[in-house]
Amino acid sequence: MASAVVEMDYGVVEGIAKGFDTAHEMLQAISQALEVAIESLRAASFVSFGTTAALAQTLEFFKKIADNLMKLCVEFAGDLRRAVGDHKRGDYKAGAYFKKGITLN
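Residues numbered from 1 in each chain as written. Predicted model: local features only at pLDDT ≥ 70, side-chain atom pairs only at ≥ 80, totals over all residues. Heavy atoms only, no water.

Visitor: Just checking my understanding: could you explain the packing of helix 1 (residues 10-48) against helix 2 (residues 51-89) for this structure?
Guide: To describe two helices that pack against each other, one gives the angle between their axes and the distance between the axes. Put simply, helix 1 and helix 2 touch, their axes get as near as 7 Å, and they point 165° apart. One finds that helix 1 runs roughly antiparallel with respect to helix 2. When the axes of helix 1 and helix 2 are compared, the crossing they make is left-handed. (Axes fitted to C-alpha atoms, helices over the stretch in contact; angles between N-to-C directions. Helix = DSSP H or I, 4+ residues; strand = E, 2+ residues; numbered from the N terminus. Parallel < 35°, antiparallel > 145°, perpendicular 65-115°, else oblique. Left-handed = near helix turned anticlockwise from the far one by under 90°.)

Here's what the structure looks like:
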């Protein structure tokens, strides 16, 4: 019976993890900019009779999406780095974190 060969190009996988890190940083900047815009709109809502409050609520929706995507990027980057570490140690069956699914609140 032949055994399976498990190979990994560490540089490629680390590059993908760094890509998720970069995406996380961009989404973090977007989230912070949205937070500033939301607070500004809330402050101005008393003058606009609710128009800016509605816009703030829409921006909150997009901020929540950006925040969830940030969490995914951190999770994916961590999973990929753990996979590289496991592979280097010869632990080829430890990749269960890829099977557990995505956790968002």
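Visitor: Help me understand the side chain of S31, please; the structure alone is not making it clear to me.
Guide: Mapping S31 onto the fold places it in helix 1. Polar side-chain contacts of S31 include one of 3.2 Å to the side chain of K63. When residues no more than four places from it in sequence are discounted, the contact partners of S31 are K63 and D67. (Polar contact = N/O pair within 3.5 Å; in protein donor to acceptor, adjacent residues only side chain to side chain. Contact = heavy atoms within 4.5 Å.)

Visitor: Would you take a moment to explain the pattern of salt bridges for this structure?
Guide: Pairing is possible between side chains that carry opposite charge, provided their charged atoms lie close to one another. For the structure shown, the criterion picks out 8 salt bridges. One salt bridge in this structure joins E35 and K63, with 3.9 Å as the shortest N-O distance. Residue E35 is found in helix 1, and its partner K63 is found in helix 2; the two are separated by 28 residues along the sequence. Its relative accessible area of 31% is what places E35 among the partly exposed residues. For K63, a relative accessible area of 16% puts it in the buried group. As a salt-bridge pair, D79 and R82 come within 2.2 Å of each other at their nearest N and O atoms. Linking D79 with R82, this pair stays in helix 2, spanning 3 residues, or about one helical turn. Look at D79 and you get buried, because its relative accessible area is 4%. Three or more residues joined by partner-sharing salt bridges are found here, namely E14, D21 and R81. (Salt bridge = Lys/Arg side-chain N within 4 Å of Asp/Glu carboxyl O. Buried < 20%, exposed > 50% of the residue type's maximum accessible area, 1.4 Å probe, protein only.)

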